[in-house]
Amino acid sequence: MRRGRAAPASPVLHPVSALTHAGVLVLFLLLYAHPVLLLLLALLPGLTLAARGEIRAWRRQLAWGLTFALFIVAFNGLFGGVGSTEVFSFFLPLVGRRTIYLERLVYGLAMAFRLAGIIGAFALADDLVDLERLLYFSPFAGRSSLTAALTLSLIPRLNRSARTLLEVQASRGAPLTAGGLRRGMRAAGPLLAALTETALEDSLDMAEVLTARGYGSGRPTNFRPERWHLRDSIILLGTVSALAVGLAGVRTGATSFTYYPALVAPAWADFLPVLAGVLGGLGVPAFIFWGWRRCRWLRVTI
Amino acid sequence: MPLVACDHLTYFYPGAACAALKDIDLAVNPGEFVLILGGSGSGKSTLLRFLAGLAPAFSGGRVRGRVLFKGRDMAEIKRRELVRRIGFVFQDPDRSLLFRDLEAEVAFGLENAGFPPAEIRRRVAETISALGLSEYRGVPLTELSGGLRQKVTLAAALALRPELLLLDEPTAELDPVAAADFFHVLKDLNADFGLTVVLAEQRADRCLPLADRVVVLEEGRIAWQGPPRALARWAWPQHAWLLPPVPRLFASLNAPAAPLTVKEGKKLLKLLPELGRALPLLSGERRERAALRTSSPPESRGAERAARPVAVLERVQVVYAGGVEALREVDLTLEAGELVCILGENGAGKSTLLRVLAGLTLPTRGRALVLGRDTRRAKAGVLAQGVGYLAQDTTAYLVAETVAEEVASTLENLGRPDATRVAAELALFHLEEVAGRNPRDLSLGQRKAVALAATLVRDPELILLDEPTRGLSADRREELGRVLREYVRAGRAVVAVTHDVEFAAQWADRVIFLFGGRVAADGPPAATFAASPFYAPQIQQLLGDLFPEVMEPKQAYEILSRVVAGSA
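Structural notes, computed from the coordinates. Just so you know, these numbers come straight off a predicted model, no measurement behind them. (Residues numbered from 1 in each chain as written. Chains lettered and ligands numbered in written order. Predicted model: local features only at pLDDT ≥ 70, side-chain atom pairs only at ≥ 80, totals over all residues. Heavy atoms only, no water.)

With that settled, the discussion passes to the overall build of chain A. When its secondary structure is counted, chain A shows 12 helices and two strands. Listed by position from the N terminus, the elements making up chain A come as α-α-α-β-β-α-α-α-α-α-α-α-α-α. For chain A, with 302 residues in total, the buried portion stands at 44%. Within chain A, residue pairs in contact and separated by at least 24 positions form 70% of the contacts whose partners lie at least 6 positions apart. Total accessible area on chain A is roughly 15700 Å²; 69% of this is exposed by carbon and sulfur atoms. (Helix = DSSP H or I, 4+ residues; strand = E, 2+ residues; numbered from the N terminus. Buried < 20%, exposed > 50% of the residue type's maximum accessible area, 1.4 Å probe, protein only. Contact = heavy atoms within 4.5 Å. Areas by Shrake-Rupley, 256 points an atom, 1.4 Å probe, with all protein chains shown as cover.)

Residue and element names in this part refer to chain A. With six bridges joining them, strand E1 (residues 86-92) and strand E2 (residues 96-101) adopt antiparallel strand pairing. Bridged to Glu 86 within E2 is Tyr 101. In textbook terms, the turn of a hairpin is the stretch between consecutive antiparallel strands, and for E1 and E2 this stretch comprises three residues, one of which, Leu 94, has a positive phi near 75°. (Pairing = 2+ DSSP bridges.)

All names here are of chain A. Position of Thr 99 relative to the elements: it lies in strand E2. Assessed through its relative accessible area of 19%, Thr 99 is described here as buried. Among all residues touching Thr 99, those that are not within four sequence positions of it are Gly 77, Glu 86, Phe 88, Ser 89 and Arg 104.

We now examine the sheet that holds strand E6 (residues 86-89) of chain B. Residue and element names in this part refer to chain B. Read across the sheet, six strands follow the order E6-E7-E8-E3-E9-E10 without closing on themselves; strand pairing throughout is mixed. The two strands at the open ends of the sheet, each matched to only one other strand, are E6 and strand E10 (221-226). With direction set aside, neighbouring strand axes in the sheet form an average angle of 15°. Against the sheet, helix H1 (residues 44-51) contacts strand E3 (33-38), E6, strand E7 (164-168), strand E8 (196-201) and strand E9 (213-218), and its axis sits at roughly 155° relative to E7. (Axes fitted to C-alpha atoms, helices over the stretch in contact; angles between N-to-C directions.)

A pair of packed helices is characterised by two quantities: the angle between their axes and the separation of those axes. Residues and elements named next belong to chain A. With their axes 7 Å apart at the nearest point, helix H9 (residues 230-252) and helix H10 (residues 268-282) run at an angle of 155° to one another. In terms of their interaxial angle, H9 and H10 are classed as roughly antiparallel. Seen along the crossing, H9 lies across H10 with a hand that is left-handed. On H10, the residues that touch Gly 238, Thr 239, Ala 242, Val 245, Gly 246 and Gly 249 of H9 are Pro 273, Val 274, Gly 277, Val 278, Gly 281 and Leu 282. (Parallel < 35°, antiparallel > 145°, perpendicular 65-115°, else oblique. Left-handed = near helix turned anticlockwise from the far one by under 90°.)

Below, the discussion takes up the pairing of E9(B). All names here are of chain B. Most of E9 is tucked away, with five of its six residues classed as buried. Relative to E9, E3 is paired through five bridges, and the arrangement is parallel. Within E9, the position partnered with Leu 37 by the bridge is Val 216. The pairing of E9 with E10 spans five bridges and is classified as antiparallel. Following the sheet pairing, Val 214 is matched in E10 by Gly 226. Here E9 folds back onto E10, and the loop between the two strands holds two residues, one of which, Glu 219, carries a positive phi near 50°.

Moving on, we come to helix H4 (residues 102-112) of chain B. Counting buried residues in H4(B) gives 11 out of 11 residues, a clear majority hidden from the surface. Once H4(B) ends, the next one or two residues include Gly114(B), with phi positive near 80°.

Often the size quoted for an interface is simply the accessible area lost on bringing the parts together. With 58 residues of chain A at the interface, the matching set in chain B holds 69 residues. Between the two partners, chain A and chain B, sit nine salt bridges. Between Arg213(A) and Glu105(B) there is a salt bridge; the shortest N-O distance is 2.4 Å. For the pair chain A and chain B, the number of links is 22 residue pairs in polar contact (both at pLDDT 80 or more). Broken down by secondary-structure element, the contributors of at least two residues to the side of chain A that touches chain B are helix H3 (55-79), helix H5 (131-137), helix H6 (144-171) and helix H8 (180-212) of chain A. Tallying contributions element by element places H8(A) first for the side of chain A that touches chain B, with 17 residues. Residues of the side of chain A that touches chain B, tallied by class, amount to 26 nonpolar, 11 polar and 21 charged. (Salt bridge = Lys/Arg side-chain N within 4 Å of Asp/Glu carboxyl O. Polar contact = N/O pair within 3.5 Å; in protein donor to acceptor, adjacent residues only side chain to side chain. Nonpolar A, V, L, I, M, F, W, Y, C, P; charged D, E, K, R; others polar.)

This part is about the packing of aromatic side chains. The final tally for this structure, using the stated rule, is 18 aromatic pairs over all chains. Here Phe182(B) and Phe183(B) contribute two aromatic rings whose centre-to-centre distance is 6.5 Å and whose plane-to-plane angle is 70°, an arrangement assigned as edge-to-face. Across the pair, exposure class does not vary: Phe182(B) and Phe183(B) are buried alike. When the ring centre of Phe289(A) is taken as origin, the NZ or CZ atom of Arg52(A), which lies over that ring, is 5.3 Å away. Sitting above the plane of the Phe12(B) ring, Arg62(B) keeps its charged end 4.2 Å from the centroid. (Phe/Tyr/Trp six-rings, centres within 6.5 Å; stacked < 30°, edge-to-face > 60°. Lys NZ or Arg CZ within 6 Å of the ring centre and 35° of its normal.)

Next up on the list: helix H13 (residues 350-358) of chain B. All names here are of chain B. Most of H13 sits inside the fold, with eight of its nine residues counted as buried. Taken together, the buried positions of H13 are Lys 350, Thr 352, Leu 353, Leu 354, Arg 355, Val 356, Leu 357 and Ala 358. Phi for Gly 359, located one or two positions after H13, is positive at around 80°.

All names here are of chain B. By the definition in use, this model includes 43 salt bridges over all chains. Between Asp 7 and Arg 66 there is a salt bridge, and its shortest N-O distance comes to 3.5 Å. With Asp 7 in strand E1 (residues 4-12) and Arg 66 in strand E4 (residues 62-69), the pair connects residues that are 59 residues apart, well separated along the chain. The residue Glu 81 makes a salt bridge to Arg 72 at a minimum N-O spacing of 2.9 Å. For Glu 81, a relative accessible area of 23% gives the class partly exposed. Ionic contacts of the salt-bridge type, sharing partners, join the residues Lys 70, Arg 72, Glu 81, Arg 85 and Glu 163 into one network.

On to empty space enclosed by the protein, then. Considering all chains together, one arrives at three cavities of 30 Å³ or more under this definition. The computed volume of the largest cavity comes to approximately 160 Å³. Contributing to the lining of the largest cavity are 14 residues, with Arg213(A), Phe88(B), Thr153(B), Ala156(B) and Ala157(B) lying nearest its centre. Secondary-structure elements contributing two or more residues to the lining of the largest cavity are H8 of chain A together with E6 and helix H6 (146-158) of chain B. Among the elements that make up the lining of the largest cavity, the one with the highest residue count is E6(B) (four residues). Within this model, the second largest cavity holds a volume of roughly 40 Å³. Around the second largest cavity sit Ser161(A), Leu165(A), Leu195(A), Thr198(A), Asp393(B), Thr395(B), Ala396(B) and Arg440(B), which together line it. Listing elements by their share of the lining of the second largest cavity, those giving two or more residues are H6 and H8 of chain A. For the lining of the second largest cavity, the residue count by class is three nonpolar, three polar and two charged. (1 Å grid on protein atoms, 1.4 Å probe; cavity = no way out; pocket = protein on both sides within 12 Å on 5 of 7 lines; lining within 4 Å. Points joined across faces, edges and corners; volume = space filled by probe spheres on them.)

Moving on, we get to the nonpolar core. The biggest cluster of nonpolar side chains holds 88 residues, and the ones touching the most others in it are Leu313(B), Leu343(B), Phe429(B), Leu431(B), Leu462(B), Leu464(B) and Phe529(B). If you tally residues by element for this core, the top one is helix H17 (residues 444-456) of chain B, at six residues. Not counting the four nearest positions on each side in its chain, Phe429(B) is found in contact with Ala449(B), Leu452(B), Ala453(B), Leu456(B), Leu480(B) and Val483(B). With 60 residues, the next largest nonpolar core counts Phe223(A), Ala113(B), Leu158(B) and Ala232(B) among its residues. (Core = buried A, V, L, I, M, F, W, Y, C linked by side-chain atoms within 4.5 Å.)

Quick look at the structure:
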């Protein structure tokens, strides 16, 4: 009855270790400017998901990342700052002559890595932690937290509804897609109203389901309080170590990188130890997931 | 004392002039299995919501009368107590499931009801194991089939060990095999654990034998209630559409008893004085003659088929983002003047196939030629001139302020407004009385009718329908079948994706089985169903040994009458 094979068991992480790891990853992606470091950090969530057996999630993430990368590189290549290494130049209608500099291309790539990495970090956190449950039982949030989580889940539903609505109306020859911009604008009003009504109907359905299942009928209990394992300690240790090494790297300038007017990288001798420390520390979850699927001893021990 | 009872319950939805429930007097006893039957908008879902204590607390409106749970007024019982005692399974599992994780989903109700964690862990484990879901621990619920997802919603309700289980058309979204599996679980729960079950359904095909009592609702009123075996006597002939094919056949034959299953039907067939003697003596030649002389022999269908292909799929493969292969190397030719039904399990690729034909999904590999155009080069807006597409989600069709405007807008979009045509279409789908109302204020069945009218009003050459009978009562299904045959007679091609085996058996010229994205079978309904017993319609299961080509009660009645008269 089920589609596909049963997913191999993978270890459950405590939300504190999983979210700390994702948080430090995002912090580094925002702090660092070095393109090599950004590239490797952007690949890390994908590798971790692959080690966890979630190769499909990685592929999806990669598709997003590449799309963004292409867009950013193209945009930055055309309109970025002035560099010193000219690659080629050409004439663009309405814009005029544009010169493509190496610095612009490298900067565009680095920004693309940053964006793809941040998307990946969120995808990884989403995969490791059941955010709805986390919000629901968080001691820092009240009962309204589930409402907030479910509101967030309405966004993809709304997206699906909008897509279906547009497809159906297009198949009925609605002017939104077939009759030019002005007719399309006029037709968009009723469609938006219909979409809002659909969202409201969905919300009412959801509220009815929640009521039927006793939500808000009193103080809930939590049958599965999150447990702290040895693996969480190891991951936290790795993350904290990476944070320490990484911040030291920022302080000493070992991870700095200048794009304009010319590309200036730090000395490899200063950069490589920081790179190894950061990746080694943040790569611990990937190693644990990989080992978990292959090594019984590791499974039993951690 | 009844477990739950309605005491002269009358209910008006907010702002409604007409009551949704009218003077309902109903008592459900502990351990009873009650089946509530009725057409779309008859009040089944509203009644269930009252029995669950969800209405009027949730929906508002005016109420007269009371609902009592174990003799106590439901309005005075705390929500938490009701949740512990009453389980509710909704129609659409996708709208009911809240979490990705199986255990979290099953535990949610228990957590809300305030059970201690150790007790929750035990109940979650027990329930998951009892329903055969253990192997799906750790699998995201979104990856399970529709049947399994509905089983998860059942597990979530059962984990609370309710005294009363209410189900609102729980198999409406499931394929026949998954639906049979779901009803099997319900039967065990009722028979082995004495669980009180109230099940609302539009169609009694598979659940009639499970019930101890049937309640028929009509326009918010209880039209009849009694044991399932007495239903045929009451329903024949005015309410014949309520009856599944086997009891309907025997009611038409004036049989002294009403069989509820194929097995009982086979036994009764031998006991009927004239048939019991005549059938075993029937030679092969006489059997063939009897079948040929029916008023609507199956082979007469398809006579309108023209050797004019309206759509050709050549080795079509569709792979969705994430690597899911929805269609694999599908080769298919659809001709004008044929009604094709596509069947198969949930997730087999049926809807994707329809979307490819509508030009909404482009083949990853291969080619789709629709009305002579390659869909890669013709956008849906262009195909809209000749292709009518009804998606599963009919709310996407409800955009205009009134029903009449909604139907008219399809023709206006195409630049050929025609008030006469709109009026005719409204009449065809019984929508004249609601023509001035907002389509979103209508019942689910009426919404479906509006979407169908809006799709068919332009008289497209190729009509693509995704689950057209879902939400329609049996009488409306029958009418839809007739309407579609009219289109086919006029040379149109109709392709319907459906789980409704009886509909396909009754109306299709051709049946296609799709499994795992591949065409597993393609041919005339009788031969195709005969080769797939799990999907075979009830009449074919009953008479397949003698008349494998007979699939509907009317045909069966005509043949058996001839046998009795000795004219075969």
